[in-house]
Amino acid sequence: MNRLQIRAGRARGAFSDAERAAFQARLLAWYRANRRDLPWRRDRHPYRVWVAEIMLQQTRIAAVLPYYRRFLRRFPSVRALARAPIEDVLTQWSGLGYYSRARCLHRAAAKILALHAGTFPRDREAALKLPGIGNYTAAATLSIAYGVPLAALDGNVARVLARLRAIRGDLREPRRWRRLGSLAQHLLAPDAPGDWNQALMELGETVCTPRAPSCRACPVAKWCRARANSLAGAIPAVRRKRATKRVSIAAAILRDPDGRTLLVRDPGAHDDVLFSRLWQFPAIEARGDPMAQLAAHLRERFGADEIAFRALPPARHGVTYRNVTLLPFLACVTELPRVRGGRILPLARIAELPVSSATRKLATAALTIFKS
Ligand code: SF4
C-alpha cells in the first residue's frame, strides 16, 4: 500500500492492521462471553437462520421468539413451507406485522425448492434473486449459516460504526451508507464472519444503544472516537420524522345468536396498512358520523338493513407513521349477511384465520362485553 492509499484509508476511518486485529479479538471475546442464548444461534441451519433474519426485520427479539418457535414447528423445512397454503403461513404470522415478509418467505421457499433443491443458496447473487432478500439479509444469512465473509450492515451496526469513527450526519444518506458498508467490510473478521456480524449487532442492541449508550461497559471503548470527543449522544444525527397521520377506522363486529361473526377480505372494506390484505371485520375510514357511515357501508355492500350498533370503547393502534383510532361497533343480529368470499366463524376463534393485530384488538373489545 502506498502513502496515498494509506491516507485515503485513514480518511475513511479505516483501522491499521494491528488495530483491526486487536479490535476484532476484543469484540469477538466479549460477544462469545456475553451473547444472549437465542434459538437461531444454537442451530445455524440456513433455513432457520433465514427465517429468523426475516422475522427480525423491524421487530424486537422478544416479540419474535414465540412466533419463531411456532413457525418452525409448523414449517420445519423449506419444503414444508413451500408446500403449505399461503393462508396457513399468514395464520402463523398473524400478529407479527409486516405481512409482506411472510408472503415473500413463502414465494422464496417455492423458488429455493424449484431452483436450489430445497437448500438456501450459498451464493450472494442467487440469494439476492429471492423475494424479500436484500443486501443485509443476504449477508447476515450467508455469513451466519455458511461462514461467507460478508459484512451485514443494518441500523444497529451503522450506529456503532458511525460512533466508533465519529461519522456525523444522516447515516442513511446513500454516500454515507456506502462508506459505512465499506468500513463494515474492512472490519469483518474473515475467520468468523457470522459471529462477527452478530457481535456488532449485539453491541448495538445491548451496549451502544440509540439513546444513552453504556460507554463504561463497552468492550471497544478505547477505539471509539465519539466517546473520546464526547460525541456519543450526537451520533447518529436525529432524522426528521415523517409527520404522523391520524386515522379513525370504524369496524362492524356482527354477532349472531351462536356467537359467530363475519370476516371479509373485500377491497371495498379494506385498509392496506392496517389490515394487510388479511381477514378483517367490515370497516371504513371514519370521517363524519362513524355509526351512520358504517350502516350505509353494510347496506350498500352486503344489503344488510337496519342494524342496531352499540359503540364500544375506542382503542389506539400505531402503525408506521399513522396513529390509528379503532372504533369498534358491535351489533347482535339474528342472521349474518351472506357475503361472497366472506367467512363466518365463532368470534372467539378468529385467530384461526390470518388476521392482523388490529382485527384481534377489535375482537377482544367485543368479547369483553360478553364475558362481563
Ligand atoms: Fe458506542 Fe460508547 Fe462503545 Fe463508542 S464507547 S462504541 S459510543 S458504547
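Residues numbered from 1 in each chain as written. Predicted model: local features only at pLDDT ≥ 70, side-chain atom pairs only at ≥ 80, totals over all residues. Heavy atoms only, no water.

## Regarding the side chain of Asp 154
Next up, step 1: As for its placement among the helices and strands, Asp 154 is situated in the loop between α10 (135-146) and α11 (155-164).
Next up, step 2: It turns out Asp 154 is buried and unbridged, and the closest side chain with the opposite charge, Arg 172, is 6.9 Å from it.
Next up, step 3: Polar contacts involving the side chain of Asp 154 include one to the main-chain amide nitrogen of Val 157, which spans 2.9 Å.
Next up, step 4: With residues up to four places along the chain from it excluded, the contact list for Asp 154 reads Tyr 136, Arg 172, Trp 177 and Met 201. (Helix = DSSP H or I, 4+ residues; strand = E, 2+ residues; numbered from the N terminus. Buried < 20%, exposed > 50% of the residue type's maximum accessible area, 1.4 Å probe, protein only. Lys, Arg positive; Asp, Glu negative; His and termini not counted. Salt bridge = Lys/Arg side-chain N within 4 Å of Asp/Glu carboxyl O. Polar contact = N/O pair within 3.5 Å; in protein donor to acceptor, adjacent residues only side chain to side chain. Contact = heavy atoms within 4.5 Å.)

## As for the pairing of strand β1 (residues 245-255)
Next up, step 1: Note that β1 and strand β6 (residues 322-332) share 11 bridges and pair parallel. The partner of Ile 253 across the bridge, within β6, is Leu 330.
Next up, step 2: For β1 and strand β3 (residues 283-285), the ladder comprises three bridges, and the chain directions are antiparallel. What sits directly across from Ile 249, in β3, is Glu 285. (Pairing = 2+ DSSP bridges.)

## Some thoughts on the packing of aromatic side chains
Next up, step 1: For the structure on display, the rule yields nine aromatic pairs.
Next up, step 2: A centroid spacing of 4.9 Å and a plane angle of 65° characterise the contact between Phe 71 and Phe 75, whose relative ring orientation is edge-to-face.
Next up, step 3: Given a relative accessible area of 0%, Phe 71 falls into the buried group.
Next up, step 4: Of the residues examined, Phe 75 reaches a relative accessible area of 0% and is grouped as buried.
Next up, step 5: With centroids separated by 6.2 Å and ring planes inclined at 70°, the aromatic side chains of Phe 309 and Phe 329 adopt a geometry described as edge-to-face. Here Phe 309 is found in the loop between α16 (290-302) and β4 (310-311), whereas its partner Phe 329 is found in strand β6, with 20 residues between them in sequence. Side by side, Phe 309 and Phe 329 carry an identical accessibility label, which is buried. (Phe/Tyr/Trp six-rings, centres within 6.5 Å; stacked < 30°, edge-to-face > 60°.)

## A closer look at unusual backbone geometry
The general pattern is negative phi for most residues beyond glycine and trans for most peptide bonds.
Next up, step 1: Omega for the peptide link from Ile 235 to Pro 236 comes to 0°, which places this bond in the cis form.
Next up, step 2: The residue Pro 236 is located in the loop between α14 (225-228) and β1 in this model.
Next up, step 3: Non-glycine residue Ala 212 carries a positive phi angle of around 50°.
Next up, step 4: A relative accessible area of 66% means that Ala 212 is categorised as exposed.

## Side note on the site of the ligand
Next up, step 1: The local shell around the ligand consists of Arg 163, Cys 208, Pro 213, Cys 215, Cys 218, Ala 221, Cys 224, Arg 227 and Ala 232.
Next up, step 2: Of the residues contributing to the shell around the ligand, the split by class is seven nonpolar, no polar and two charged. (Near = heavy atom within 4 Å. Nonpolar A, V, L, I, M, F, W, Y, C, P; charged D, E, K, R; others polar.)

## Notes on the domain arrangement of the protein chain
Next up, step 1: You can read the domains of the protein chain as domain 1 (3-234) and domain 2 (245-371).
Next up, step 2: A C-alpha centroid distance of 38 Å is found between domain 1 and domain 2.
Next up, step 3: Note on domain 1 versus domain 2: buried area summed over both sides is about 830 Å², and carbon and sulfur give 48% of it.
Next up, step 4: Interface area lost by domain 1 to domain 2 is led by Glu 87, Tyr 99 and Arg 103, which between them contribute 52%.
Next up, step 5: Joining domain 1 to domain 2, the criterion identifies two salt bridges.
Next up, step 6: A salt bridge links Arg 265 to Glu 87, with the shortest nitrogen-to-oxygen separation between them at 3.2 Å.
Next up, step 7: Counting residues per element, the side of domain 1 that touches domain 2 draws most heavily on helix α7 (residues 86-93), at three residues.
Next up, step 8: Among the residues forming the side of domain 1 that touches domain 2, the class breakdown is three nonpolar, three polar and two charged. (Domains from an automatic or database assignment. Buried area = accessible area lost by both parts, 1.4 Å probe.)

## Some remarks on α16
Next up, step 1: Helix length check: α16 (13 residues) gives 17 Å between terminal C-alpha atoms against 18 Å at 1.5 Å per residue, within 8%.
Next up, step 2: Contact partners of the buried residues in α16: β1, β3 and β6.
Next up, step 3: Near the N-terminus of α16, the side chain that reaches the backbone nitrogen of Met 291, with its oxygen 3.1 Å away, is that of Asp 289.
Next up, step 4: Once α16 finishes, Gly 303 follows within two positions and takes phi at roughly 65°, a positive value. (Expected span 1.5 Å × (residues − 1).)

## Thoughts on the packing of helix α4 (residues 46-56) against helix α8 (residues 100-116)
Next up, step 1: Interhelical geometry of α4 versus α8 gives an angle of 155° and a closest axis separation of 10 Å. What the angle tells us is that α4 and α8 run roughly antiparallel. In the packing of α4 onto α8, the handedness of the crossing is right-handed. Contacts between α4 and α8 pair Trp 50, Ile 54, Met 55 and Leu 56 from the former with Arg 101, Leu 105, Ala 108, Ala 109 and Ile 112 from the latter. (Axes fitted to C-alpha atoms, helices over the stretch in contact; angles between N-to-C directions. Parallel < 35°, antiparallel > 145°, perpendicular 65-115°, else oblique. Left-handed = near helix turned anticlockwise from the far one by under 90°.)

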